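If you want the building blocks of each chain, they are given just below.
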Amino acid sequence: MKMAPSSLPAGRQVAWPRIMEYFVYILKNRQGRHYIGISHNPTVRLESHNSGKVRSTKPYRPWSIIYSEKLPNRLDARKREVELKNNFEGRRKIFEQFS
């Protein structure tokens, strides 16, 4: 069942018809914590993180985007997100380069 865009949770709204490209993004806060996620619009998603609408990042606000990578669809973005989360060396290189 498809939901209308306005009834989706914060940061998960999509334009109708569905947007094809997605982004993997990395956030960093002042304490040096990182968060890796995917979104069709990282800027809007960052607003959700910083307004406290995302449970996993709410206690560690504020966040800023340090890296984003455009991918052609949600599946590829999800694969890249998992790759970054599971590959310590890949994450470390990105953190060093963009932090």
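Reference entry: report on the structure contained in this document.

Conventions adopted
- Residues numbered from 1 in each chain as written.
- Predicted model: local features only at pLDDT ≥ 70, side-chain atom pairs only at ≥ 80, totals over all residues.
- Heavy atoms only, no water.
- Helix = DSSP H or I, 4+ residues; strand = E, 2+ residues; numbered from the N terminus.
- Buried < 20%, exposed > 50% of the residue type's maximum accessible area, 1.4 Å probe, protein only.
- Contact = heavy atoms within 4.5 Å.
- Areas by Shrake-Rupley, 256 points an atom, 1.4 Å probe, with all protein chains shown as cover.
- Pairing = 2+ DSSP bridges.
- Axes fitted to C-alpha atoms, helices over the stretch in contact; angles between N-to-C directions.
- Salt bridge = Lys/Arg side-chain N within 4 Å of Asp/Glu carboxyl O.
- Core = buried A, V, L, I, M, F, W, Y, C linked by side-chain atoms within 4.5 Å.
- Phe/Tyr/Trp six-rings, centres within 6.5 Å; stacked < 30°, edge-to-face > 60°.
- Lys NZ or Arg CZ within 6 Å of the ring centre and 35° of its normal.

Looking only at helices and strands, one finds three helices and three strands in the protein chain. Counting from the amino terminus, helix and strand elements in the protein chain follow one another as β-β-α-β-α-α. Across the 99 residues in the protein chain, those meeting the buried criterion constitute 35%. Here the contacts in the protein chain between residues at least 6 apart in sequence split such that 54% fall between residues at least 24 apart. Carbon and sulfur atoms provide 51% of the accessible area of the protein chain, an area that totals close to 6,600 Å².

Sheets are built from strands that pair by backbone hydrogen bonding, the pairs being arranged parallel or antiparallel. Across the sheet, three strands lie side by side as E2-E1-E3; this open sheet has antiparallel pairing. Looking at the sheet topology across the chains shown, the edges are occupied by strand E2 (34-39) and strand E3 (63-71). Along the sheet, successive strands turn relative to each other by an average axial angle of 20°, direction set aside. Both strand E1 (residues 22-29) and E2 contribute to a ladder of six bridges, which runs antiparallel. Pairing of Lys-28 across the sheet is with His-34, part of E2. Lying on the sheet, helix H2 (residues 74-86) is in contact with E1, E2 and E3; it crosses E2 at an angle near 165°.

Looking now at the pattern of salt bridges. What the rule picks out here adds up to seven salt bridges. In this structure, the salt-bridge partner of Lys-85 is Glu-81, at a minimum N-O distance of 3.0 Å. Remark: Glu-81 and Lys-85 occur in helix H2; sequence separation between them is four residues, near one turn of the helix. Assessed through its relative accessible area of 38%, Lys-85 is described here as partly exposed. A salt bridge links Glu-96 to Arg-92; its shortest N-O distance comes to 2.8 Å. Taken together, the residues span about one helical turn, with Glu-96 and Arg-92 both in helix H3 (residues 88-98) at a distance of four residues. Looking at Glu-96, the relative accessible area reads 54%, which means it is exposed. Looking at Arg-92, the relative accessible area reads 29%, which means it is partly exposed.

Here we take up the nonpolar core. Listed in full, the 12 residues of the largest apolar core are Tyr-22, Val-24, Ile-26, Ile-36, Ile-38, Ile-66, Tyr-67, Leu-71, Ala-77, Leu-84, Ile-94 and Phe-95. Elements represented by at least two residues in this core include exactly E1, E2, E3, H2 and H3. When neighbours within four sequence positions are excluded, Val-24 is seen to be in contact with Ile-36, Gly-37, Ile-38, Tyr-67, Ser-68, Glu-69, Leu-71, Ala-77, Arg-80, Glu-81 and Leu-84.

This paragraph deals with the packing of aromatic side chains. Overall, the coordinates contain one aromatic pair when judged by the stated rule. Their ring planes at 40° and their centres at 6.3 Å tell us that Tyr-25 and Tyr-35 sit as a pair that is tilted. Of the two residues, Tyr-25 sits in strand E1 while Tyr-35 sits in strand E2, which places them 10 residues apart along the sequence. Relative accessible area serves as the criterion here: at 22%, Tyr-35 is assigned to the partly exposed category. Arg-33 extends its terminal NZ or CZ atom over the ring of Tyr-60, reaching a point 3.8 Å from the ring centre.

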